[in-house]
Every structure is written in C-alpha cells, then in structure tokens.
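# Examining the three-dimensional arrangement
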Amino acid sequence: MSGILAERRRRLLALKKLRGGATAPDTTQRTCPGCGRALVEEELVANQRVCPYCGFHFAMPARERLELMLDQGTFKELDANLVSRDPLAFPDYPAKLRELQAKTGLGDALVTATGKIGGVPVAVAALDTRFLMGSMGAVVGEKLTRLIERAERRHLPLIVFSASGGARMQEGIVSLMQMAKTAAACERFGARGGLFISVFTHPTTGGVTASFASLGDIMLAEPGALVGFAGPRVIEQTIGEKLPDGFQRAEFQMEHGFVDAVVPRARLRRTLISLLALHGKGGVAHVR
C-alpha cells in the first residue's frame, strides 16, 4: 500500500508542476455520477480521476492524460500556438474561443506531443472535452494531420485518445472537411506500415468516431465510454424503438467486435507498453 500512496503523491507533484507549481491542496468536493459518493478533488486526481469506490472514469484534461501516459519528463507538446479562427462569422464564436482559451490554457481542443512510453518514442494526441466538448474544427484537424505526418517521417507509433461530441458546428463544412483530411492522413500512415493505437474515452461520438478515431490498427476503450455516431436518444427517436441496456458503451462495442479491449485507466499505460513491445517497438519496459 505504501508504494501505491508514494506513486499517487508523485503524480500529484508532477501535475502541480504542470499547472505552474501550485502547492495548496485542492479540497473541492465532487459527486461521483456512478455511486453518488463525495470525492475530494486532490484525491481523485491522485487516483487518475477514477472513483475509488465504483470505478467511474471521470473526464481527464488532455495534458494531464498525456503526462500520465508518457514516461516522466519526456512530454514535448507540438503546435501549441495554433488557434481557431472564425471562418463562417458564427455569432459569438470568437468570444467563446477566447473564454475557453483563458479558462483551459489550451489553444484548441486537441493537444499533440511526442514523448516516450516505456522507453519507446511515440507520437501522441488527446482531445479535451473542456474545450467545446472536444469538437473537431480546422485546428484539431490540422494538428492531428501534422502529428500523423510527423509520426510517418520519424517512424513513430501513433496513439490518440479521443473524447469528443463530434464535428464543430461553428465551423460548418470546414469542420466536416477535417473528417476526410484526418482519415486520409491515417490511410497514408497505415500504408507505410505505421502502427496506430486508438483509445476511446467518454464520450467519443459524431464526426470524430466517423473518421480517425475508428481507423486504429488496435482499438481500445476505457470502461463505460460512450462510443458511437449519433447518441442513443437520437437513435431511439429515429427508429421508434427502445435500445438495449448499455448500447454503444465500451463493453457493448467490444462484445460486438468494434473495440478490441476495454482497459481501465489504471492499466492503460501498462497495456500500451505491452502492445508496443508486441509489435516490435520496444523490449522489456520500466512500468510505473
């Protein structure tokens, strides 16, 4: 148990450093949607934002996720200066972007980086639902395409953590074009022998599911993640039928062959290390 506590403290220190060196404990309480228990924010963060009582997986900020998955000190963010514009002069869109950029510290919904997992160099990306529900606009499409092309040039495995409401309505057809753009980049990457591991987190829906997120060579998902195109309520209203319990959840998708494995967050890093080694990308790794 002491080893587990020490590891949690190490994670907390790393996250505080990432957030600018804050030292005051965060005693904010949150209610778990899974079991209804009250959870202290700092303890939740130390447990990788997973409820210690019922295992409910909370959403995780993109940079935090990548820092936890990558070997310590290897995270190198890419294209952080790319920010969204307003191609359609959509009402209030520029003001909303500025507000979210200030609130989250992100330029847009996707964070891309290079680093190492178990000593293996990788190209990684994560969507952040705090930024317009992780929706995909021109910047998300451009950043991901640049990352895929970098992975191709440097012969790096590609790992993408998806969490999105789909295409960004404020960018209209420009957003929908990113589906074809990212899918084409994935196709070129795969045709040249690149390894793409796609990880679905809650929720992954709409145009993101219908493009790059579903094109992985290996498809993983976190427990309980909603994975689909349209949501269950929309489907029920469209077909006029009641859907089965758990429809479109990660476990349902694995049972029906869409997802290869459902992996709890606490085991995700080890699973990635094993998969990279299995595909000849690394040997015996140091697992934390």
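Up top is the structure.
These numbers were taken from a predicted model, which means no experiment stands behind them.

What counts, and where the lines are drawn
Residues numbered from 1 in each chain as written. Predicted model: local features only at pLDDT ≥ 70, side-chain atom pairs only at ≥ 80, totals over all residues. Heavy atoms only, no water. Helix = DSSP H or I, 4+ residues; strand = E, 2+ residues; numbered from the N terminus. Expected span 1.5 Å × (residues − 1). Buried < 20%, exposed > 50% of the residue type's maximum accessible area, 1.4 Å probe, protein only. Arc of directions from axis to C-beta. Contact = heavy atoms within 4.5 Å. Core = buried A, V, L, I, M, F, W, Y, C linked by side-chain atoms within 4.5 Å.

### Observations concerning helix H4 (residues 93-104)
Given a rise of 1.5 Å per residue, twelve residues ought to cover 16 Å, and the 16 Å separating the end C-alpha atoms of H4 matches this to within 8%. Listed in full, the buried residues belonging to H4 are Tyr 93, Leu 97, Leu 100 and Thr 104. Here the buried residues of H4 occupy an arc of 70 degrees about the axis, which is enough to place them on one side. Turned more than 90 degrees away from the buried face of H4 sit Arg 98, Ala 102 and Lys 103, all of them exposed. Lining the buried residues of H4 we find helix H3 (62-69).

### With respect to the side chain of Ser 164
Along the polypeptide, Ser 164 turns up in strand E6 (residues 158-164). Assessed through its relative accessible area of 0%, Ser 164 is described here as buried. Other than its neighbours up to four places away in sequence, Ser 164 contacts Leu 127, Thr 129, Met 133, Gly 134, Ser 135, Met 136, Pro 203, Thr 204, Thr 205 and Val 208.

### Description of the nonpolar core
Among the nonpolar cores identified, the biggest contains 61 residues, and Leu 66, Ile 159, Phe 161, Ile 197, Phe 212, Leu 220 and Leu 272 are the most heavily contacted of them. No other element matches the seven residues that strand E5 (residues 120-127) contributes to this core. Core analysis: the second largest hydrophobic core is formed by five residues, Leu 39, Leu 44, Cys 51 and Phe 58 among them.

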